Amino acid sequence: TDPISSSPIKFEQDLQRLLESRGLPFHVTSRTRTVEQQMAAIKSKYDNNGRDEVISTYGKNTGTQLVSAIESKDTARFRELASKSSKHLKGNAIDVRTWHYTDEQMSVVLKSIEELIGPGKALVEPIGNCWEKSGRNLKNAKRKQGNKAGEGNCYGEHIHIDVPTDYKKGR
């Protein structure tokens, strides 16, 4: 059997249909990743948004360890930590581009995700730099005043979505 569940594919199709029915664009920027791709994503987050972004995204314990491995150039430790850091590695996560959404549209997107898979599965990123509130369980996302979508502090902005392995909903 294929180790990657069909749940993320079904969820992505359902979310795309739902958002497009609401007049919103839809673009997935990331699906399944290798460990090397995950390491590059974490390093990019570190390089572009700083150590606090890595810690905020991956939690105080793992995030601090990831930062330490990056800063000490301990590639073996970085690889080990990165290999356990995301559901992308098992094919159970997708990232959706957000720079083309207004704040009001972001609220619609977050509500739509929650309609399909419930609360707590969407993570608005980058954490702390771009948005007035970021992280999980958001109903609304508003860019901090002066931030431009997709630029500067909002580099790489997206919604990371952990898709339940038992997702079956259909629209």
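Refer to the structure above for everything that follows.
Note that the structure is a prediction, hence the values are computed from the model and not measured.

Student: Any chance you could explain the overall build of the protein chain here in plain terms?
Tutor: When helices and strands are tallied, the protein chain shows six helices and five strands. Its helices and strands taken in sequence order, the protein chain reads α-β-α-α-α-α-β-α-β-β-β from the N to the C terminus. Its C-alpha atoms give the protein chain a radius of gyration of 16 Å, within 12% of the compact-globule value 16 Å for 171 residues. Judged by the C-alpha coordinates and their principal axes, the protein chain covers about 50 × 50 × 20 Å. Buried residues in the protein chain amount to 45% of all 171 residues. Here the contacts in the protein chain between residues at least 6 apart in sequence split such that 69% fall between residues at least 24 apart. Across the protein chain, 28 positive and 22 negative side-chain charges occur, with their mean positions spaced 3 Å apart.

Student: What exactly am I supposed to notice about the packing of helix 2 (residues 35-49) against helix 4 (residues 60-71) here?
Tutor: A packed helix pair is summarised by two numbers, namely the angle formed by the two axes and the spacing between the axes. Two numbers describe how helix 2 lies on helix 4: the axes approach to 11 Å, and their chain directions differ by 85 degrees. For the element pair helix 2 / helix 4, the angle class is roughly perpendicular. For the pair helix 2 and helix 4, contact is made by Ile 42, Lys 43 and Tyr 46 and by Leu 66, Val 67, Ile 70 and Glu 71, respectively.

Student: Would you take a moment to explain the pattern of salt bridges for this structure?
Tutor: In this structure the tally under the stated criterion is 16 salt bridges. For the salt bridge of Asp 162 with Arg 136, the shortest nitrogen-to-oxygen distance reads 3.1 Å. Placement of Asp 162 in strand 5 (residues 158-162) and of Arg 136 in strand 4 (residues 135-136) is noted, with a sequence separation of 26 residues between them. Overlapping salt bridges bring together Lys 10, Asp 14 and Arg 17 as one network.

Student: In this structure, what is going on with the side chain of Asn 147? I would like to understand it.
Tutor: Mapping Asn 147 onto the fold places it in the loop between strand 4 and strand 5. We classify Asn 147 as buried; its relative accessible area is 18%. A distance of 2.9 Å separates a polar side-chain atom of Asn 147 from the backbone oxygen of Cys 130. Each residue touching Asn 147, except ones within four places of it in the same chain, is listed here: Asn 129, Cys 130, Asn 153 and Cys 154.

About the thresholds
Residues numbered from 1 in each chain as written. Predicted model: local features only at pLDDT ≥ 70, side-chain atom pairs only at ≥ 80, totals over all residues. Heavy atoms only, no water. Helix = DSSP H or I, 4+ residues; strand = E, 2+ residues; numbered from the N terminus. Rg over C-alpha atoms; globule rule 2.2 N^0.38 Å. Buried < 20%, exposed > 50% of the residue type's maximum accessible area, 1.4 Å probe, protein only. Contact = heavy atoms within 4.5 Å. Lys, Arg positive; Asp, Glu negative; His and termini not counted. Charge placed at Lys NZ, Arg CZ, Asp CG, Glu CD. Axes fitted to C-alpha atoms, helices over the stretch in contact; angles between N-to-C directions. Parallel < 35°, antiparallel > 145°, perpendicular 65-115°, else oblique. Salt bridge = Lys/Arg side-chain N within 4 Å of Asp/Glu carboxyl O. Polar contact = N/O pair within 3.5 Å; in protein donor to acceptor, adjacent residues only side chain to side chain.

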